[in-house]
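Structural description and commentary
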Amino acid sequence: MSQPLLSSRPPSNTRALAAAVAAAREAGELMKKNLSRAKQVNESHQHDIKLELDVQCQKLITRALATVFPSIPVLGEEGIDAASEKAVARWVVDPIDGTVNFAYGIPHAAVSIALEVRTEDGFKSEVGVVYDPFMDDLWTAIRGKPARLNGRITQVSTRARLDESIVSLGFAKNQDSLQAAQADFLELTHRVRKLRIMGSAALALTYVACGRFDAYVEAGVRLWDIAAGGLIVECAGGSFVTHSLPGEHRYGLIASNGLIHDQIPHARTTGAKLKSPSPKGKSQTRTRSKSQTQS
Ligand code: IPD
Ligand code: CA
């Protein structure tokens, strides 16, 4: 059923969530079918791979979302609709987050879809969906409501000590962020219970949201990696702290259960402020979400 979007009005969050879930599940099916098959590589760099399946999944997601909301543009890893900069609302899509894992047949990758709505301070995620097709784990969030994992309310961990925490690090693609990640590794490795480097930013965030990880730190992610997962962390009661970096839609981030944020050395050394991603680097202060107490 299609609902043309009036240019001055964002869509209903509930309908947007249903559309995003359906699109994520459809793309997830394609990922599952192809995990162990030979895949067409479109681009190969030292620390990154781009697959034809990334493109196919984004096309499939774009088509599925457009069936319900034909006028909402997509800002995605595999292509950005120019209308997305000026729109009232836009989808932010990472069709396969964890492409290198997926390319090597490692079943740790996800589909990430957020609905962002324009505010006076820039775009803000209102709806977030992250789907791991290999575990059949679906995380969802609507701003102001509790985050859910497979339909059940989910919350961040209650661990308050860094030395008992599992902290996930992201090793990104370019030299700057790789160097920052190495420094974070050296700084954190002796202070935490364990570091984990799993290769999907969206899943690292949702693992924080459901208490599997206590924090996630990465020095150079893109908006599509984090737009859905960041909202899910906040709606699960955690903190999602970003700072804009040079380059379009680039951020450094610390996501955590909120309790250990100040113990993470990275937070002190970068002087990261509580900010939410916005297209022009204008940001808004965010604190620990109270949404887990609402329904
Ligand atoms: C990457 C993954 C990885 C993170 C990188 C991302 P991609 O996304 O999320 O874990 O460290 O910063 O770019 O390329 O697999 O979609
Ligand atoms: Ca990604």
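Scroll up for the structure.
Residue numbers run consecutively from 1 along every chain, following the written order of its sequence. Just so you know, chain letters begin at A and ligand numbers begin at 1, following the order they were written in. Under the rules for a predicted model, residues below a pLDDT of 70 receive no local features and side-chain atom pairs below 80 are neither given nor counted, while totals for whole chains, interfaces and linings still include all residues. Hydrogens and water are ignored here; the side-chain numbers use all heavy atoms of the structure.

1. Considerations on unusual backbone geometry
What counts is decided by this rule: Strands here are runs of E lasting at least two residues and helices are runs of H or I lasting at least four, both read from the DSSP assignment and numbered beginning at the N terminus. When a residue's accessible area, from a 1.4 Å probe over protein chains only, is under 20% of the maximum for its type it is buried; when over 50% it is exposed; and in between it is partly exposed.
The backbone phi angle of Asp136 is positive, close to 55 degrees, even though this residue is not glycine. Position of Asp136 relative to the elements: it lies in the loop between β7 (122-132) and β8 (137-142). What makes Asp136 partly exposed here is its relative accessible area of 41%.

2. Some details on the sheet that holds strand β12 (residues 194-196)
Let me state the cut-off plainly: In this scheme, strands are said to pair when DSSP sees at least two bridges between them. A fitted line through C-alpha atoms serves as each axis, taken over the contacting stretch for helices, and the angle formed by two N-to-C directions is quoted from 0 to 180°. Whether two residues are in contact is decided by their heavy atoms: any pair within 4.5 Å suffices.
One open sheet accounts for five strands, arranged β12-β11-β13-β15-β14; its pairing is mixed. At either end of the open sheet lies a strand with only one pairing partner, and these are β12 and β14 (239-244). On average, each strand axis in the sheet is tilted by 20 degrees relative to the strand beside it, whichever way the strands run. In this sheet, strand β15 (residues 250-256) lies alongside strand β13 (residues 215-222) in antiparallel orientation, the contact comprising six bridges. Its bridge partner being in β15, Tyr216 is matched across the sheet by Ala255. Across the sheet, helix α5 (residues 201-209) touches β11 (166-170), β13, β14 and β15, and the angle it forms with β13 is around 150 degrees. Along the sheet face, helix α6 (residues 223-235) touches β13, β14 and β15 and points at about 150 degrees away from the line of β13.

3. Considering the sheet that holds strand β3 (residues 74-76)
Taking strand neighbours across the sheet as the criterion, the eight strands line up as β4-β3-β5-β6-β7-β8-β9-β10 in an open arrangement whose pairing is mixed. Two strands close off the open sheet at either side, each with one partner strand: β4 (79-80) and β10 (152-153). The sheet contact formed by β3 and strand β5 (residues 89-97) spans three bridges and is parallel. Along β5, the bridge assignment pairs Gly76 with Val93. Strand contacts of helix α2 (residues 52-68): β3, β4, β5 and β6 (110-119), with the helix running at about 145 degrees to β5, the strand carrying the most contacts. Its contacts with the sheet place α6 against β3, β4, β5, β6, β7 and β8, and it is angled at close to 90 degrees to β7.

4. Digging into the coordination of the calcium ion (ligand 2)
The criterion, for reference: In this listing, donors mean N, O and S atoms no farther than 2.8 Å from the metal, or 3.2 Å for Na, K and Ca; water is missing from the atoms, so a site can look incomplete.
Every protein donor of the calcium ion (ligand 2) is accounted for by Asp94 (OD), Asp97 (OD) and Asp225 (OD), and the metal-donor separations fall at 2.0 to 2.2 Å. For the calcium ion (ligand 2), the donor residues sit on a single chain with the sequence spacing D-x2-D-x127-D. Relative accessible area serves as the criterion here: at 5%, Asp97 is assigned to the buried category.

5. Section: the site of ligand 1
Let me state the cut-off plainly: The near set for a molecule or strand comprises every residue that places at least one heavy atom within 4 Å of it. In protein, a polar contact requires one atom able to donate a hydrogen and another able to accept it; more generally it is a pair of N or O atoms within 3.5 Å, and residues adjacent in sequence count only if both atoms are side-chain atoms. Method for areas: the Shrake-Rupley scheme with a 1.4 Å probe, in which residue coverage is limited to the protein chains shown. Only Asp, Glu, Lys and Arg are considered charged, only Ala, Val, Leu, Ile, Met, Phe, Trp, Tyr, Cys and Pro nonpolar, and every remaining residue, Gly among them, polar. Where each domain starts and ends comes from a domain assignment, either automatic or drawn from a database.
The environment of ligand 1 is formed by 16 residues, the closest being Asp97, Gly98, Thr99, Lys173 and Glu218. In this structure, Ile96 approaches ligand 1 through a main-chain N or O atom, which is 3.2 Å from an oxygen atom. At 2.5 Å, a side-chain N or O of Glu218 approaches an oxygen atom of ligand 1. Protein contact buries 93% of the 370 Å² of open area that ligand 1 shows by itself. The residue inventory of the shell around ligand 1, partitioned by class, reads five nonpolar, five polar and six charged. Both of domain 1 (13-153) and domain 2 (162-293) provide at least three residues apiece to the shell around ligand 1.

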